[in-house]
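One letter stands for each residue in the lines below.
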Amino acid sequence: MIELKHSFNLLVSINAYLAKRREELGRSDTGTLKPRVLTQEKDGIVIYTWNDLVVSQSKPDSSNPVTHIGLYDPTSQQHKVVWTYDTKVKIVSCSINQNKTLLAFTTVTIQKTDDGKSGKDLFQAYLVELQASDSRVFSLNLEKSCFLKVQFLYPGHGEQMLLKEAFLLVFLHKESVALYSIQLSRFGDKGIYMRDQPKTEQIIQKFVWCQWDPQNQQLHYIYNCRHDNGTVYQKFSSIQFYQNAKNDSMMDLPLNFPFPHIRSKFKSRYADRPLCPGIPDVAVNATVLTQPNGTICICYKHHKSQSNPAEYRSDSQTHHDEESINYYICMVHHAKTIQGCVSGLSQSILGSRRLSFHWLGDYLMVLLPGFFVHLLNVSIEYEPCHHIMLHNENKPLKSKVTLSPAAQSCGPLPVSFTSDVEEKDHKPATVRFQESEEHTLCTSPQPVSIQEVTDEEIPVTSVISENARTIHTLSSCTGFCKDISSSSICLYDYHSGCVWRLSVSLDDLFQCFRTAYSSTRQALFHYLLLKSKDLFTLKKVFADICQDATNPEIPTALVEFLITTTYSSMKRQLGREVLRLLPFTSVDTFRGQFVKDSAGVLFARLSYTALGSINFSTKTARDRMSRKHEDIWDILRKHLRLKQIDAPKRFLQDKVKGTYTQHIRNEKRRLSWEYVSKEQSFLGHVTAGSCNRESTLTVADSFPGRQSRADTVLGAVPGFLKGGLGEDNTAFNILLSLTEQMLTGHLTHHLKKDSRVKAQNVAKEYVSCQVQQSRQLCHILWSVAGFTPEESMPDLSEPGSDEEYELFQLLERFYLTVTEKSFPLPSGFRTYFTALGFRCMQLNLFLQYVDHGVLELTGDFISQLLTDVPDDGDDGENVKLKYAIISRLPKTAAEECFKLWNHPLCLRYFAHHQVAEILLETTSTPAVKSSSKSDATWTVKDRANSEGRDNVSTASDSSVCAGVFQPLASLIDYLEKKTEDSHSRNVRPGTVPSMTSVDSVLLEQVGLYHTRQTDEYDMTTVNL
């Protein structure tokens, strides 16, 4: 999923510059140079140092080794030598101010004992004037055995550059951090000099760890504290620097993870680590990562042997050279700490590699190249969940692992690592300040340029591939890659000097999705929906999930798609205050997560613990007025205060279901008692062209070149999703209205400053996005099944194919998911879903689906059924099938369909119904009865006219017609007398009769037809 792309080699570029410089100076010696990268300033300038021979002016025949300090600008790709020391020294820390007038550096020397053995290290700090005519070097009078770090302050965003004053931070490990205020003046043509002795101010006292953030001008540090009972614990604190070196202590909090107790009297070991933002203490692997939106994470990799050596030895004996990596991510903005544990790694591997922490977009990346990478969703915008945990399950072999030829061309990368046996007694080579690895002088006459490296030439490797195991240590850097996206970062390899660009490969993401553990698959799917939004990869993921329609992941994926994509659509147009109230995922947050290998063995897990307290500095009203915009601390303070006082909760879509179900019941009960007009009738929703299976063309279809991105990837929208089918949208409108009302109330409750009108507008847009995403998901499933939008309605006279049955199973899960989460179904889906079920299922199973409400008998489906399925005889199977389906409709809707069908079976239904009403003296709504009688009479007259008969005359003078069937005539006379007697008893003056008049023509036709078709008795023997 995550790729390392070689972008630049800093050491190769430096060596090429030094070789060219030697040529310009007329130097012919070909000695090996060992440039060392020190640090990178806020403006991207990289400071490096190297030792080279310089011809002495007093002794032209001899040369002395001296130390040089150079700068490299990644933007202009230019090198520059800024200063040369007159002797050879070991520089371990260096910084230059923004105006390039002052240079501060720290040297280390190893003192010798009386017997000639190496003693303790001695650190000294110096200050150099760079733009003076006669450059002067000043000592800060600091000689310590602990590490000394120097760092100039830079102006923050929107602040003016300091011209006549410079500020220098001096870090003395385990003792203090001091601020030096340096006054500068220009003396004519002599340049810029220091005007007076620097003024010093102690910023913090004893500390055990620190980190300088050059981009945000923040100082983070950890110090020891004692409880009342004498036990030692650690606190984390941060200081923010502003213009003119003004600073505020922003917060402090007690750490809730096992940080080592570092004593001042114990000697620390320091690593020769380039681009280190703090004190390079070997015993501590900690990093603070921040983002402008208020996200602050304290990352720490725990050494088990530091806290409990006995446990470490016991664990090592049990697992035979296997060790677990434990790391902690303290999410200050969430007041939680994530503990991660990865087991089954060799001690020899961990001894030569360093776990690193970086940002990848708003995901926090925990990386051990070649072995595992964890992408933790820790942003302040979301509650932690869906962490991506990718591992290389292949154990490192005893033999050597060699890089590919493309990767070998990146520069002086080590091409193999030794076996476990060879590294058994291995110790880190950077325990003390010694000469680093020798880098062979590059013989290329020109320095490497960023533009010279094209995409085809960049070797690419996955961060968890075996090729990446040659990368032991990485550090974040800036400015080396152009046109870099927000989700890509640059990492610098300590040993090789390579600058790697870290990016997300969607092809690798899909491959990881296919082989990952279930929890990681869900996390990758969520990342694809919310961050990547690539429809092509999303279609491949759905195709993988939907290979088996019984896959239990399908409902989970469908729910996640609906909720996440709806949130993603709303994110484009809403602010942070409203987005924190909308759901972004379907899973529970702040829950642990684990990963098992292919054998089912648990080897990685994540868990949560809560922070005890977080102390923030108070902010006065004057400070608030002086700041035009909120900074990271303002956002964080406001966020934590809100969580403490009234923690806002996201809207739960599940709450809509219960209320919606009750509303539907009330609506059905209301419709059963009210009069249904012609416009509101069951068949009144059927469109004129709904019986035609040809998909109707829209405006977009008339211009093939104007296809949307979704249509390009998924194909044209199927006809039934284009709104060509008319359906009763009563339930649809009720659901949208109910969701809008409940969301409006939720937003109004939590957004007290905003008006209800704004909440209503947000709710309307939210339900609109729900409709769009439901339609999009249905389109994806249609496309995954491999169908083309040729027909909007299938032919109901033919059975369905195997492909259609698979599509029906997918759409069935889609229907159940959407209804379970109370999302709106796409317009036209119900008709198509019912038609597809009719083709793919047995009749009895189809009727069960209808009876349980899964399939809905819409007016379009009934119309299509009556058109496609022929009447094979008066009482054939198709007639029984139609009657069985229509009879499951409500009474009013069924009568409409019977009138449209106009089959003798329908006339029999109306006759039986009319006789039953008269005999049982059933009362009903007069308006409905009048409508039923007039429509039925019209149908009978229409049928009689086609046979050349006059219904009116037949009904009025039936007793005198030749060939009258006397039993039927006697029954009709009885019914008419029964009706007249009922009218005379029940009807009051001025009221409308409640009984239906006898339709003698209808009863005669139905009775004679039924006697002739179904009775085997010879009617010629009847005595009239």
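The structure under discussion appears in the preceding block.
Report follows, based on the coordinates. Because the structure is a prediction, the values reported are computed rather than measured.

### Section: the nonpolar core
- Counting 99 residues, the largest nonpolar core has Met-1, Phe-542, Phe-846 and Ile-885 as its most contacted members.
- Those residues in contact with Phe-846, other than ones at most four positions away along the chain, are Thr-834, Gly-837, Phe-838, Met-841, Leu-855, Leu-857, Phe-861 and Ile-885.
- Counting 63 residues, the second-largest nonpolar core is a separate cluster that includes Val-89, Val-92, Tyr-154 and Cys-225.

### Things to note about the sheet that holds strand E25 (residues 372-377)
- Pairing is antiparallel in the open sheet, where four strands are placed in the order E23-E24-E25-E26. With one partner strand each, in any of the chains shown, strand E23 (356-360) and strand E26 (388-391) form the two edges of the open sheet. In this sheet, neighbouring strand axes are inclined to one another by 20° on average, regardless of whether the strands run parallel or antiparallel.
- In this structure, strand E24 (residues 363-368) lies alongside E25, joined through six bridges in antiparallel fashion. From the neighbouring strand, Leu-368 faces E25, where its bridge partner is Phe-372.

### Thoughts on the pairing of strand E19 (residues 285-290)
- Counting buried positions along E19 gives six out of six residues, so the element sits mostly inside the fold.
- Residue alternation in E19 divides its side chains into two sets, Asn-285, Thr-287 and Leu-289 and Ala-286, Val-288 and Thr-290, and both sets are buried.
- Sheet topology places E19 next to strand E20 (residues 296-302); six bridges connect them, and they run antiparallel. Within E20, the residue paired with Thr-290 across the bridge is Ile-296.
- Linkage of E19 to E20, two consecutive antiparallel strands, is achieved through a turn of five residues, within which Gly-294 is found at a positive phi near 100°.

### Topic: the pairing of strand E29 (residues 489-493)
- Most of E29 sits inside the fold, with five of its five residues counted as buried.
- Sheet topology note: the strand E28 (residues 474-477)/E29 ladder contains four bridges and is antiparallel. Residue pairing in the sheet places Cys-477 in a bridge with Cys-490 of E29.
- In this structure, E29 lies alongside strand E30 (residues 498-504), joined through four bridges in antiparallel fashion. Bridge assignment links Leu-491 to a residue of E30, and that residue is Trp-500.

### Focus on the pattern of salt bridges
- What the rule picks out here adds up to 25 salt bridges.
- Salt-bridge contacts for Arg-136 lead to Glu-129; the nearest nitrogen and oxygen are separated by 2.8 Å.
- One salt bridge connects Lys-657 with Glu-820, and the closest N-O pair in it is separated by 2.8 Å. In this pair, Lys-657 is assigned in helix H13 (residues 655-673) and Glu-820 in helix H17 (residues 802-820), connecting sequence segments 163 residues apart.
- One connected set of salt bridges, linked through shared partners, spans Arg-514, Arg-521, Asp-544 and Glu-553.

### Looking at helix H15 (residues 730-750)
- Helix length check: H15 (21 residues) gives 31 Å between terminal C-alpha atoms against 30 Å at 1.5 Å per residue, within 8%.
- Three or more residues of H15 are buried, namely Ile-734, Leu-735, Leu-736, Leu-738, Thr-739, Leu-743, Thr-744, His-746, Leu-747 and His-750.

### Some thoughts on unusual backbone geometry
- Positive phi values are uncommon outside glycine, yet Asn-244 reaches one of about 60°.
- On the secondary structure map, Asn-244 appears in the loop between strand E17 (232-241) and strand E18 (247-254).
- On the accessibility criterion, Asn-244 (41% relative accessible area) is partly exposed.
- The residue Ser-822 is not glycine, and still its phi comes out positive at about 60°.
- Residue position: Ser-822 is located in the loop between H17 and helix H18 (829-840).

### Comments concerning the environment of Phe-561
- Tracing the backbone through its elements, the reader meets Phe-561 in helix H9 (residues 553-571).
- On the basis of relative accessibility, which here comes to 2%, the residue Phe-561 falls in the buried class.
- Along the chain, Phe-561 and Phe-584 lie 23 residues apart, while their C-alpha atoms are 9.9 Å from each other.

### Some points on the packing of H15 against helix H16 (residues 756-784)
- Their axes nearest at 8 Å, the elements H15 and H16 cross at an angle of 140°. Classified by the interaxial angle, the pair formed by H15 and H16 is oblique. Along this stretch, H15 crosses H16, giving a crossing that reads as right-handed. Residues Phe-732, Leu-736, Thr-739, Glu-740, Leu-743, Thr-744, Leu-747 and Thr-748 of H15 form the contact with H16, whose participating residues are Arg-756, Ala-759, Gln-760, Val-762, Ala-763, Lys-764, Tyr-766, Val-767, Gln-770 and Val-771.
- A breakdown of the residues in the contact of H15 with H16 according to their chemical character gives ten nonpolar, five polar and three charged.

Quick notes on the rules
- As a convention, each chain's residues are numbered from 1 in the sequence order in which they are written.
- Whole-chain, interface and lining totals are the exception, using all residues; otherwise, since this is a predicted model, local features are given only for residues with pLDDT of at least 70 and side-chain atom pairs are given and counted only at 80 or more.
- Water and hydrogen atoms play no part in the side-chain values, which are based on all heavy atoms of the structure.
- Put simply, a nonpolar core is a bunch of buried Ala, Val, Leu, Ile, Met, Phe, Trp, Tyr and Cys residues held in one set by side-chain atoms that sit within 4.5 Å of each other.
- Only protein chains enter the area calculation, which uses a 1.4 Å probe; residues under 20% of their type maximum are buried, those over 50% are exposed, and those in between are partly exposed.
- Two residues qualify as a contact provided that any one of their heavy atoms is within 4.5 Å of a heavy atom in the partner residue.
- For two strands to pair, DSSP has to find at least two bridges joining them.
- Only DSSP runs of H or I with at least four residues qualify as helices, and only runs of E with at least two residues qualify as strands; both kinds are numbered from the N terminus onward.
- For every element, the axis is a line fit to its C-alpha atoms; helices are fit only across the contacting stretch, and the angle between N-to-C directions ranges from 0 to 180 degrees.
- Throughout this description, the term salt bridge denotes a Lys or Arg side-chain nitrogen within 4 Å of a carboxyl oxygen of Asp or Glu.
- One less than the residue count of a helix, multiplied by 1.5 Å, gives the span that helix is expected to have.
- In what follows, roughly perpendicular refers to angles from 65 to 115 degrees, roughly parallel to angles under 35, roughly antiparallel to angles over 145, and oblique to any angle outside these ranges.
- A clockwise turn of the near helix away from the far one marks a right-handed crossing, whereas an anticlockwise turn of less than a right angle marks a left-handed crossing.
- Under the convention adopted here, Pro, Cys and the residues Ala, Val, Leu, Ile, Met, Phe, Trp and Tyr are nonpolar, Asp, Glu, Lys and Arg are charged, and Gly plus all remaining residues are polar.

By themselves, these observations are geometric and do not establish any function.
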